[in-house]
Amino acid sequence: MENNFVSASRLMRALSNGEFEPYLQPIVSASDLTVSGAELLVRWHMPTGEIIPPSYFINRMESTGLLLSLTEKILNRAVSGLSEIKSMLPRGFRLAVNVTPSLLAEREFTQMCLALAEHDNIHLILELTELQPFSMDRQTEDKVSRLSDAGVAFALDDFGTGCSVLSYLKHFPVSYIKMDKSFIQDILSEKTSQYIVESVVVLAGKLGINTVAEGVETQEQVTCLCSLGVDYLQGFYYGRPEKVVTFCCEYNQHQTSKIP
């Protein structure tokens, strides 16, 4: 399925029918290896039973003006699901959401984020995707400052692979740098990747920014990343993206099993 051939009417119908499912992938603290948050993702569950990843439809959703509606639906469903186990969640559980420039420009999106910032036990993080450049104008900076003042945090996603510019660190109140999985997958076999990760960790430390390693798949990678001082870990080693209800059930069982 090519995203260029997905019609706006088909996407609108899928939205109305609830075919887009929110998924959560755990993010683990490197200091104690406990789940400290999750990244919100989306999958298209088609009536045929096929599950379509966002790379096939997310750009089309944006070009047809439906990305805001999609984000609102899956974000609210995720928060609702997490609210059912809020007593089990750690204080300030981090929920990371991918954001494009056009989405950040939407007034309704800002209002939604400000409302969620007041939610008990859930700390919202907006991940600035590097596939498209963000405007550095005064309006964007004012909006970001307003969100930051309300408690919404920002992360630079896929750092070092897209339209990333170091000036983002200067103009945006960045709290997290997410290092792309392309660096992590080669960290044990390629010195260049190791040096890049090490350099990012050092830079982030000087700026008071946390680092997140994406695409973690082995214990050996975990050991290496922890030795380099990475703050958070995310990848299949700690869990694949799961439906919100599945994530909540597994988290609940894990926390319950630790009660003596």
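Note: the structure precedes this text.
Residues numbered from 1 in each chain as written. Predicted model: local features only at pLDDT ≥ 70, side-chain atom pairs only at ≥ 80, totals over all residues. Heavy atoms only, no water.

Draft legend 1. Focus on the overall build of the protein chain. In terms of helices and strands, the protein chain carries 11 helices and 10 strands. Compactness check: the protein chain gives a C-alpha radius of gyration of 18 Å against a globular reference of 18 Å for 260 residues, within 12% of the reference. Projected onto the principal axes, the alpha-carbon positions of the protein chain cover approximately 50 × 50 × 40 Å. When each of the 260 residues of the protein chain is scored for burial, the buried share is 47%. Long-range contacts, defined here as pairs at least 24 residues apart, represent 68% of the contacts in the protein chain between residues at least 6 apart. Accessible surface computed for the protein chain: about 12,800 Å², of which carbon and sulfur atoms make up 50%. (Helix = DSSP H or I, 4+ residues; strand = E, 2+ residues; numbered from the N terminus. Rg over C-alpha atoms; globule rule 2.2 N^0.38 Å. Buried < 20%, exposed > 50% of the residue type's maximum accessible area, 1.4 Å probe, protein only. Contact = heavy atoms within 4.5 Å. Areas by Shrake-Rupley, 256 points an atom, 1.4 Å probe, with all protein chains shown as cover.)

Draft legend 2. Broad picture of the packing of aromatic side chains. Here the structure, examined in full by the defined rule, presents 9 aromatic pairs. Their ring planes at 85 degrees and their centres at 5.8 Å tell us that W44 and F57 sit as a pair that is edge-to-face. Separated by 13 residues along the polypeptide, W44 in strand 2 (residues 35-45) and F57 in the loop between strand 3 (51-52) and helix 2 (58-63) bring together distant segments of the chain. Each member of the pair, W44 together with F57, is buried. (Phe/Tyr/Trp six-rings, centres within 6.5 Å; stacked < 30°, edge-to-face > 60°.)

Draft legend 3. Here's a closer look at the pairing of strand 2. Counting buried residues in strand 2 gives 10 out of 11 residues, a clear majority hidden from the surface. Examined bridge by bridge, strand 1 (residues 20-29) and strand 2 share 9 bridges and lie antiparallel to one another. Opposite F20, over in strand 2, you have W44 as the bridge partner. Turn length for the strand 1-strand 2 hairpin, with the two strands adjacent in sequence and antiparallel, is 5 residues, and the turn residue L33 shows positive phi of about 60 degrees. One ladder, built from 4 bridges, connects strand 2 with strand 4 (residues 93-99); its direction is parallel. Of the residues in strand 4, the one forming a bridge with E39 is A96. Alignment of strand 2 against strand 3, held across 2 bridges, turns out to be antiparallel. (Pairing = 2+ DSSP bridges.)

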